[in-house]
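Single-letter residue listing:
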Amino acid sequence: MREFLRQALVNKWSKPTVFLICLLPLVCLGWRAYQGQLTANPVEYVQHFTGDWTLRFLLITLSVTPLRRMLSMPDLVRLRRMLGLFAFFYVCLHFLTYIGPDQAFSLPGMWKDVAKRPFITVGFLGFVLLIPLAVTSTKAWIRRLGGKRWQALHRLIYVAALCGVVHYYWLVKSDHRLPLMYGAILAVLLLYRLGNSLLKPRPSSVAAVPTVR
Ligand code: HEM
């Protein structure tokens with residue numbers, strides 16, 4: 001089974017296939033819109049849908065490193081950049097449904113809201129943190145920044161995911177189970193990462209070469 005997965009990962013079709021899978025939530029959303037099934041409040045529905053998928057993609061992206069180590073599948077890293085960029089794609093849609101239908105593209109209105117409502121403030125911070133990560137996700141940027149600085153910058157994804165979890169926790173009024181579950185997954189991923197870097201320090205030359213394919 002592992003050999004099959006390993007072969008599938010190095011196959012030239014692996015990336016296009018994963019790309020199409022990552023687009024499925026958007027296709028589902030489009031299909032629901034086409035069928036007129038976006039509930040009585042379509043803006044809220046799209047906001048929630050895209051927010052959920054942003055958080056899921058952030059956590060999936062953060063799972064790549066633990067999974068590739070635990071399953072001994074280094075080639076999983078081939079998918080990490082794409083998954084991270086999909087998190088950014090969904091947060092852009094999420095933000096667009098906020099700034100567009102919600103705030104009527106009014107920047108002053110948006111700033112007021114960002115300053116007034118803590119859950120918006122922290123969500124906005126998460127979004128802003130993801131921008132430099134998306135911009136510097138290319139090989140050219142790794143070369144320009146150098147491996148160590150690039151890795152340090154890209155650790156911000158944990159902070160962005162934490163902002164996403166807090167944002168979700170604060171906006172939910174009664175049932176906090178789902179944001180707490182996302183928070184627990186993030187905590188496990190973070191502890192794994194911390195444990196790994198504390199217990200198994202790697203030679204700096206190896207750690208300094210991030211893999212983006
Ligand atoms: C890392 C960035 C972000 C993540 C992970 C995220 C995630 C989420 C999640 C999971 C939800 C709730 C979905 C549900 O109830 O099923 C949500 C709702 C929402 N988010 Fe975000 N979000 C982010 C950034 C933002 C930004 C930048 C804004 C606007 C400035 C924003 C505005 C909203 C609004 C208005 C709602 C709906 C609130 C409500 O219905 O009461 N989010 N977001």
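The present account deals with the structure reproduced in this document.

Conventions used here
- Residues numbered from 1 in each chain as written.
- Predicted model: local features only at pLDDT ≥ 70, side-chain atom pairs only at ≥ 80, totals over all residues.
- Heavy atoms only, no water.
- Phe/Tyr/Trp six-rings, centres within 6.5 Å; stacked < 30°, edge-to-face > 60°.
- Helix = DSSP H or I, 4+ residues; strand = E, 2+ residues; numbered from the N terminus.
- Buried < 20%, exposed > 50% of the residue type's maximum accessible area, 1.4 Å probe, protein only.
- Axes fitted to C-alpha atoms, helices over the stretch in contact; angles between N-to-C directions.
- Parallel < 35°, antiparallel > 145°, perpendicular 65-115°, else oblique.
- Left-handed = near helix turned anticlockwise from the far one by under 90°.
- Disulfide = S-S within 2.5 Å.
- Contact = heavy atoms within 4.5 Å.
- Nonpolar A, V, L, I, M, F, W, Y, C, P; charged D, E, K, R; others polar.
- Near = heavy atom within 4 Å.
- Polar contact = N/O pair within 3.5 Å; in protein donor to acceptor, adjacent residues only side chain to side chain.
- Core = buried A, V, L, I, M, F, W, Y, C linked by side-chain atoms within 4.5 Å.

Quick word on the packing of aromatic side chains
Thinking step 1. Inspection of the entire model under this criterion finds 15 aromatic pairs.
Thinking step 2. When the ring of W31 is compared with that of Y34, the centres are 5.6 Å apart and the planes differ by 35°; the resulting orientation is tilted. Remark: Y34 and W31 occur in helix 2 (residues 14-34); sequence separation between them is 3 residues, near one turn of the helix.
Thinking step 3. Owing to a relative accessible area of 66%, Y34 belongs among the exposed residues under this scheme.
Thinking step 4. Geometrically, the ring pair formed by F57 and Y90 is stacked, given 5.3 Å between the ring centres and 5° between the ring planes. One end of the pair, F57, is in helix 3 (residues 42-70); the other, Y90, is in helix 4 (residues 80-102), with 33 residues separating them in the sequence.
Thinking step 5. On the basis of relative accessible area, Y90 is assigned to the buried category, the value being 1%.
Thinking step 6. An aromatic cluster of at least three residues, connected via ring pairs, comprises F19, W53, F57, F86, F89 and Y90.

Brief notes about the packing of helix 3 against helix 4
Thinking step 1. Relative orientation of the contacting elements helix 3 and helix 4 amounts to 160°, with a least axis distance of 8 Å. With respect to helix 4, the axis of helix 3 lies roughly antiparallel. The crossing of helix 3 and helix 4 is left-handed.

Quick word on the state of the cysteines
Thinking step 1. Evaluated as defined, the whole model comprises 0 disulfides.
Thinking step 2. C92 takes part in no disulfide bond, and the closest cysteine sulfur to it belongs to C22, at a distance of 15 Å.
Thinking step 3. Using a relative accessible area of 24% as the deciding quantity, one classes C92 as partly exposed.
Thinking step 4. Summary of cysteine pairing: C163 is not part of a disulfide, and the nearest cysteine sulfur, belonging to C92, is at 16 Å.
Thinking step 5. Classification of C163 as buried rests on a relative accessible area of 6%.

A word on the packing of helix 2 against helix 4
Thinking step 1. Where helix 2 meets helix 4, the axes come as close as 11 Å, and the angle between the chain directions of the two elements is 20°. Classed by the angle they form, the pair helix 2 and helix 4 counts as roughly parallel. Judged by the sense of rotation from one axis to the other, the crossing of helix 2 with helix 4 is right-handed. Together, K15, V18, F19, C22, L23, P25 and L26 of helix 2 and M82, L83, F86, F89, Y90 and L93 of helix 4 make up the contact between the two elements.
Thinking step 2. Across the contact of helix 2 with helix 4, the residue classes tally to 12 nonpolar, no polar and 1 charged.

What to know about the site of the ligand
Thinking step 1. The environment of the ligand is made up of 21 residues, and the closest members are H48, D52, H94, H167 and L171.
Thinking step 2. H48 is positioned with one of its side-chain polar atoms (N or O) 2.7 Å from an oxygen atom of the ligand.
Thinking step 3. Measuring from a nitrogen atom of the ligand, one finds a side-chain N or O atom of H167 at 2.8 Å.
Thinking step 4. Breaking the shell around the ligand down by element, the ones donating at least two residues are helix 3, helix 4, helix 6 (118-135) and helix 9 (156-171).
Thinking step 5. Counted by class, the shell around the ligand contains 11 nonpolar, 9 polar and 1 charged residues.

Remarks on the nonpolar core
Thinking step 1. Membership of the largest hydrophobic core comes to 36 residues, with the highest contact counts inside it found for F57, L62, L83, L130 and L186.
Thinking step 2. Contributions of two or more residues to this core are made by helix 2, helix 3, helix 4, helix 6, helix 9 and helix 10 (177-199).
Thinking step 3. Those residues within four positions of L130 in sequence are excluded, and the remaining contacts are L58, F88, V91 and A160.
Thinking step 4. Among the nonpolar cores identified, the runner-up in size contains 7 residues, and Y98, M110, I120 and F124 belong to it.

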